[in-house]
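Observations on the three-dimensional arrangement
Here's the letter readout for the chains.
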Amino acid sequence: MKIPSFLTHFFFDRQSASGFGLMRIVWAALVLITFIVQGTDLLFFYSDQGLMNPEVSQAVLRTAHRFSLLSYIHSPLLLGCIYGIFIFFLCMMLVGIAPRVSTIVSVLLLFTFNERMPYVLGGGDTVLRTVGFILMLSPSIEAMSLQRLFLQLKHAEKNQQLLPPLTMPLWPYRLLVWQVIIVYVYSFFDKLRGATWLHGTAAQIALHHPTFARSLIVSDAISPALSFITYATLLFEALWIGLLIPRWFTDLLPQWMQAIRLKRLLIAAGIIFHLSIFVLMEAGSFSLAMMMAYIGLLRDDDRAWLRKKIGSAAWKHAAHPIVILFDGHCGLCTRSTTIIMLMDWLQQ
């Protein structure tokens, strides 16, 4: 059966894989830091001798639709081996050695640790699992990896030019967009069920709560603006549903409105929003995880726009692009020039 052309374009048009490659790196870094910090409490959280022994696990954890390899490991030594394997594959995923295998193993081991002790999890852990699952399924995950770098160096030494940019179909991007929309829009409707958000006091309460506030002095200083921040948060989360508006509809809008891309505005607002949460509140890894997901939301035109804005500001006084002369018969020269070209994100 032939797939309708609009579905083919919607799911299988090609885009650069660089965004998902960079998201893979940041994902691995966040999970790696999280579990290195947890390393001192490994036995307490994940072993039979810790908080959740087998008797307690059977009583309080769900049994349906749940699997954890750690449920069948009762030796602290074996637990330490699994933990070491997890850290090893996260490091491989971070630098991009066998990125497909290391991504799959890292994501599955993240699930197995999370399912062994779900009571230490927060919203950031849920975002990391969701994005990790999408990364595990995504094609061309080797973008921005050492594996890809070695191929580039080998190709450039032989052909004096870079390989074509690595591309991927659009469907992983669509999955990521839908998941981010669900996070924000569900959060918006959930907030409407309570009174504090509608009364404009939610931010005031959260930033003065001794458990969550990093500094009550700072909270007092910005207290006059907290009612505005409460309503601005509701508006910010509600606007994410606007990403479901099809492109053909936005093309009917006036030119000045088309120039204002909703997604770019939301990502910029989201960075300010989550950085503020990270600085002002003890809210776990949620803010960092959401900003990590933003990396995958940037498509080719978004990166080109960002490159143009940063490049024009950084090189506005340059008379012409930088010119590099090198010896095409020197292996060291061609390798060095290849690395410079790969790092030339601003195309200078």
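In this text the structure is predicted, and so the values were computed from the model without any measurement. (Residues numbered from 1 in each chain as written. Predicted model: local features only at pLDDT ≥ 70, side-chain atom pairs only at ≥ 80, totals over all residues. Heavy atoms only, no water.)

1. What to know about the overall build of the chain
From N to C terminus, the chain includes 18 helices and 2 strands. In terms of overall dimensions, the chain has a C-alpha envelope of 65 × 55 × 55 Å along the principal axes. Within the chain, the fraction of its 348 residues that count as buried is 36%. Of the roughly 20000 Å² of accessible surface on the chain, a fraction of 71% belongs to carbon and sulfur atoms. With 26 positive and 18 negative side-chain charges, the chain shows a spacing of 8 Å between the two charge centroids. (Helix = DSSP H or I, 4+ residues; strand = E, 2+ residues; numbered from the N terminus. Buried < 20%, exposed > 50% of the residue type's maximum accessible area, 1.4 Å probe, protein only. Areas by Shrake-Rupley, 256 points an atom, 1.4 Å probe, with all protein chains shown as cover. Lys, Arg positive; Asp, Glu negative; His and termini not counted. Charge placed at Lys NZ, Arg CZ, Asp CG, Glu CD.)

2. Some details on the pattern of salt bridges
Evaluation of the coordinates by the stated rule reveals 9 salt bridges. One network of salt bridges, with partners in common, ties together Arg261, Lys263, Arg264, Asp301 and Asp302. (Salt bridge = Lys/Arg side-chain N within 4 Å of Asp/Glu carboxyl O.)

3. Focus: the confidence of the model for the chain
In the predicted model, the chain carries a mean pLDDT of 87, and 92% of its residues have values of at least 70. Model confidence for the chain, summarised as mean pLDDT per element, is weakest for helix 14 (residues 255–258) at 56 and strongest for helix 2 (residues 18–37) at 95. (pLDDT = per-residue confidence, 0-100.)

4. Some details on the environment of Val107
With respect to the helices and strands, Val107 occurs in helix 6 (residues 99–116). The exposure class assigned to Val107 is buried, which follows from its relative accessible area of 1%. Sequence spacing of Val107 and Ile182 is 75 residues, and the spatial spacing of their C-alpha atoms is 21 Å. Beyond its immediate chain neighbours, meaning those up to four positions away, Val107 contacts Trp27, Gly132, Phe133 and Met136. (Contact = heavy atoms within 4.5 Å.)

5. Focus on unusual backbone geometry
Of note, Ala98 is a non-glycine position whose phi angle comes to about 45 degrees, a positive value. Turning to its location among the elements, Ala98 is positioned in the loop between helix 5 (76–95) and helix 6. A positive phi is found at Met144, a non-glycine position, where the angle reads about 60 degrees. Within the element layout of this structure, Met144 appears in the loop between helix 7 (123–137) and helix 8 (146–159).

6. Things to note about the packing of helix 1 (residues 5–12) against helix 9 (residues 171–192)
Working note: a packed helix pair is described by the angle between its axes plus the distance between those axes. For the pair helix 1 and helix 9, the least separation of the axes is 6 Å and the interaxial angle reads 75 degrees. Regarding the angle of helix 1 to helix 9, the classification is roughly perpendicular. On helix 9, the residues that touch Phe10, Phe11 and Phe12 of helix 1 are Trp171, Arg174 and Trp178. Per-class residue counts for the contact of helix 1 with helix 9 are 5 nonpolar, no polar and 1 charged. (Axes fitted to C-alpha atoms, helices over the stretch in contact; angles between N-to-C directions. Parallel < 35°, antiparallel > 145°, perpendicular 65-115°, else oblique. Nonpolar A, V, L, I, M, F, W, Y, C, P; charged D, E, K, R; others polar.)

7. What about helix 16 (residues 286–297)?
Here helix 16 spans 17 Å end to end across 12 residues, near enough to the 16 Å set by a 1.5 Å rise per residue. The buried fraction of helix 16 is high, at 10 of 12 residues. Restricting attention to buried positions, one finds in helix 16 the residues Ser287, Ala289, Met290, Met291, Met292, Ala293, Tyr294, Ile295, Gly296 and Leu297. (Expected span 1.5 Å × (residues − 1).)

8. Comments concerning a nonpolar patch on the surface
A cluster of nonpolar residues, Phe10, Trp178, Ile241 and Leu244, forms a patch on the protein surface that exposes about 350 Å² of accessible area. For Trp178, the position within the fold is in helix 9. (Patch = residues over 30% accessible without salt bridge, like charges linked within 9 Å, V, L, I, M, F, W, Y side chains within 5 Å.)

9. A few points about the environment of Arg66
Along the chain, the position of Arg66 falls in the loop between helix 4 (54–60) and helix 5. With a relative accessible area of 23%, Arg66 lands in the partly exposed category. The sequence separation of Arg66 and Arg116 amounts to 50 residues, and the corresponding C-alpha distance is 9.3 Å. If we ignore the near neighbours within four places in the chain, the residues touching Arg66 are Leu61, Ser71, Glu115 and Arg116.

10. Quick notes on helix 8
Side chains that are three or four residues apart share a direction in an α-helix, a result of its 3.6 residues per turn. Between its terminal C-alpha atoms helix 8 stretches 20 Å, which fits the 20 Å expected from 14 residues at 1.5 Å a residue. Along helix 8, the residues that are buried comprise Arg148, Gln152, Leu153 and Ala156. The buried residues of helix 8 occupy an angular sector of 140 degrees when the element is viewed end-on, so they sit on one face. In this structure, helix 8 carries Phe150, Lys154 and Lys158 as exposed residues pointing more than 90 degrees from its buried face. On its buried side, helix 8 packs onto helix 18 (331–343). Downstream of helix 8 by a residue or two, Gln160 has a phi angle that is positive, lying close to 60 degrees. (Arc of directions from axis to C-beta.)

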